[in-house]
Amino acid sequence: MTIATQEKLQYNWKHVISLAGLHIGALFALLPSNFNWTAVGLTVFMHWITGGLGITLGWHRMLTHRSFQTPKFVEYFLAFCGALACQGGIIDWVGLHRLHHTNSDQNALDPHNAQKGFWWSHIGWMLYKGPAHAEIARCTKDISSDPFYQFLQNYFLPMQIVFGVLLYLAAGWPFVVWVIFVRLVLVYHCTWFVNSATHKFGYRTYETNDSSTNCWWVAVLTYGEGWHNNHHAYQYSARHGMEKWEIDFTWMTIQVLEALGLATKVKLPAK
């Protein structure tokens, strides 16, 4: 099955408007009246909680690639943290990423095919209607029937709104600006750099059938996801930074969970 080319795709106005609104909201952080060191510190902490533990560890390495297993309460906690990153429904996210790996830089079923350019792979692909729901459903049968994941799929936006209201009531508008708008925009672009920058900048250790690269500064921003060529070579691996200098904070987190007995069946490349 194929989908239309970029030129024939229709705009996804829900995504266009929501992404524009979030970026405009983040600009309010430039006003001196909205600056607050405590809010900045909480933003950095929540960047790690939602982008590191949630998206990188939970949604990507644990759920999408099944590179390790955890008890259900840990699995659900990490999935919940990812939902607070507000990157769409968890089932759609996992399905789209699996489609990317199946068709990486090859055809229209790679949602953010890097062959279409940096802008397209970074953000452009989200401004248009993507692969048919049937394609995503085909890739996510292992999680789509789980009631908890169905809840996160359908209610990630109301959850974010409730979080924002609680922040406003507890600490005021500057915390909403920083911990909601600024954090979401930062986590978004850090995640998107994995789709764009690590298919353009850096070096290649392995010959893969795509343009994936290892990019150190993306690894810094995404807790180890920047070692993308390594990841495409060994998609199932819980460890992405294969060399000593390829620092992978998420792999370190998995090692801690394993030492605590909270991560099992950790997959690594054969030596």
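As annotated in an unreviewed UniProt entry, the chain is Fatty acid desaturase domain-containing protein from Microcoleus asticus IPMA8. Looking at the chain in UniProt, the text filed under Subcellular location (unreviewed entry) is "Membrane".

We now examine the overall build of the chain. Looking only at helices and strands, one finds 11 helices and zero strands in the chain. In terms of overall dimensions, the chain is globule-like: its C-alpha atoms have a radius of gyration of 18 Å, near the 18 Å expected for 271 residues. Its C-alpha atoms give the chain principal-axis dimensions of roughly 55 × 50 × 40 Å. Within the chain, the fraction of its 271 residues that count as buried is 55%. Long-range contacts, defined here as pairs at least 24 residues apart, represent 70% of the contacts in the chain between residues at least 6 apart. Here the chain has roughly 13,200 Å² of accessible surface; of this, 67% comes from carbon and sulfur atoms. Across the chain, the 18 positively charged side chains and the 15 negatively charged ones have centroids separated by 3 Å.

Contact geometry for helix 7 (residues 147-171) and helix 8 (residues 173-196): axes closest at 7 Å, N-to-C directions at 150°. Relative to helix 8, the element helix 7 is oriented roughly antiparallel. Here Gln160, Phe163, Gly164, Leu167, Tyr168 and Ala171 of helix 7 come into contact with helix 8, specifically with Trp173, Phe175, Val176, Val179, Ile180, Arg183 and Leu184. Its residues assigned to classes, the contact of helix 7 with helix 8 comprises 10 nonpolar, two polar and one charged.

Another aspect to go through is the pattern of salt bridges. Throughout the structure, instances matching the rule amount to six salt bridges. Glutamate 225 is paired through a salt bridge with arginine 61; the nearest N and O atoms lie 2.8 Å apart. On the criterion of sequence distance, the pair formed by glutamate 225 in the loop between helix 9 (216-221) and helix 10 (228-233) and arginine 61 in helix 2 (residues 37-64) is long-range, its members being 164 residues apart. Residue classification places arginine 61 among the buried positions, given a relative accessible area of 1%. Between glutamate 75 and lysine 72 there is a salt bridge whose closest N-O contact spans 3.1 Å. Within this pair, glutamate 75 and its partner lysine 72 are both found in helix 3 (residues 72-83), separated by three residues, close to a single helical turn. Residue classification places lysine 72 among the partly exposed positions, given a relative accessible area of 45%. A single network of salt bridges, built from pairs that share partners, joins Arg61, Glu225 and Asp248.

Look at helix 4 (residues 90-102): 18 Å from first C-alpha to last across 13 residues, which is about the 18 Å you get at 1.5 Å a residue. The element helix 4 is largely enclosed, with a buried count of 11 among its 13 residues. Residues of helix 4 that are buried in the fold lie against helix 2, helix 3, helix 6 (133-139), helix 7 and helix 10.

If you trace the backbone, asparagine 195 turns up in helix 8. On the basis of relative accessibility, which here comes to 9%, the residue asparagine 195 falls in the buried class. Apart from residues no more than four positions distant in its own chain, asparagine 195 is found in contact with His112, Ser121 and Trp125.

Here we come to the layout of surface pockets. For the second largest pocket, the calculated volume is near 160 Å³. Around the second largest pocket, the lining residues are Tyr206, Arg239, Met242, Leu268, Pro269, Ala270 and Lys271. Here the residues of the lining of the second largest pocket sort into five nonpolar, no polar and two charged.

What follows is about unusual backbone geometry. For cysteine 86, which is not glycine, the phi torsion reads 55° and is therefore positive. Residue placement: cysteine 86 occurs in the loop between helix 3 and helix 4. On the basis of relative accessibility, which here comes to 10%, the residue cysteine 86 falls in the buried class. Non-glycine residue aspartate 105 carries a positive phi angle of around 60°. In this fold, aspartate 105 is placed in the loop between helix 4 and helix 5 (118-122).

Rules behind the numbers
- Position labels on residues start from 1 in each chain and follow its written sequence.
- Selection of residues for local features in this predicted model requires a pLDDT of at least 70, selection of side-chain atom pairs for listing and counting requires 80 or more, and totals for whole chains, interfaces and linings are taken over all residues.
- Side-chain descriptors were evaluated using all non-hydrogen atoms of the structure, hydrogens and water having been removed beforehand.
- UniProt positions are given in the numbering used here, feature names are shortened, and annotations may be inferred rather than shown by experiment.
- Secondary structure elements are defined from DSSP: runs of H or I of at least 4 residues count as helices, runs of E of at least 2 residues count as strands, and each element is numbered from the N terminus.
- With C-alpha atoms as the basis for the radius of gyration, the globule rule is written as 2.2 Å multiplied by the number of residues raised to the power 0.38.
- A simple rule labels every residue: compare its accessible area, found with a 1.4 Å probe on the protein chains alone, to the largest value its type can have, and call it buried under 20%, exposed over 50%, or partly exposed in between.
- Only heavy atoms matter for contacts: two residues are in contact if any of them lie within 4.5 Å across the pair.
- Under the convention used here, a 1.4 Å probe and the Shrake-Rupley method define accessible areas, while residue burial counts only the protein chains that appear.
- Charge counting follows a simple rule: Lys and Arg are positive, Asp and Glu are negative, and His as well as the terminal groups are ignored.
- Where a charge lies is defined by one atom per residue type, namely NZ (Lys), CZ (Arg), CG (Asp) and CD (Glu).
- Lines fitted to C-alpha atoms define the axes here, with helix axes fitted over just the stretch in contact, and angles between the N-to-C directions of these axes take values from 0 to 180 degrees.
- Note on terminology: angles under 35 degrees are roughly parallel, angles over 145 are roughly antiparallel, angles of 65 to 115 are roughly perpendicular, and the others are oblique.
- Under the scheme applied here, ten amino acids are nonpolar (Ala, Val, Leu, Ile, Met, Phe, Trp, Tyr, Cys and Pro), four are charged (Asp, Glu, Lys and Arg), and all others, including Gly, are polar.
- Definition used for salt bridges: Asp or Glu carboxyl oxygen within 4 Å of a side-chain nitrogen of Lys or Arg.
- Any helix carries an expected span of 1.5 Å times its number of residues minus one.
- Only protein atoms enter the 1 Å grid, on which a cavity is a set of points fitting a 1.4 Å probe that cannot get out and a pocket is an open set with protein on both sides within 12 Å along at least 5 of 7 lines, lining residues being those with an atom within 4 Å of a point.
- Grid points are joined across faces, edges and corners, and a volume is the space filled by probe spheres set on the points.

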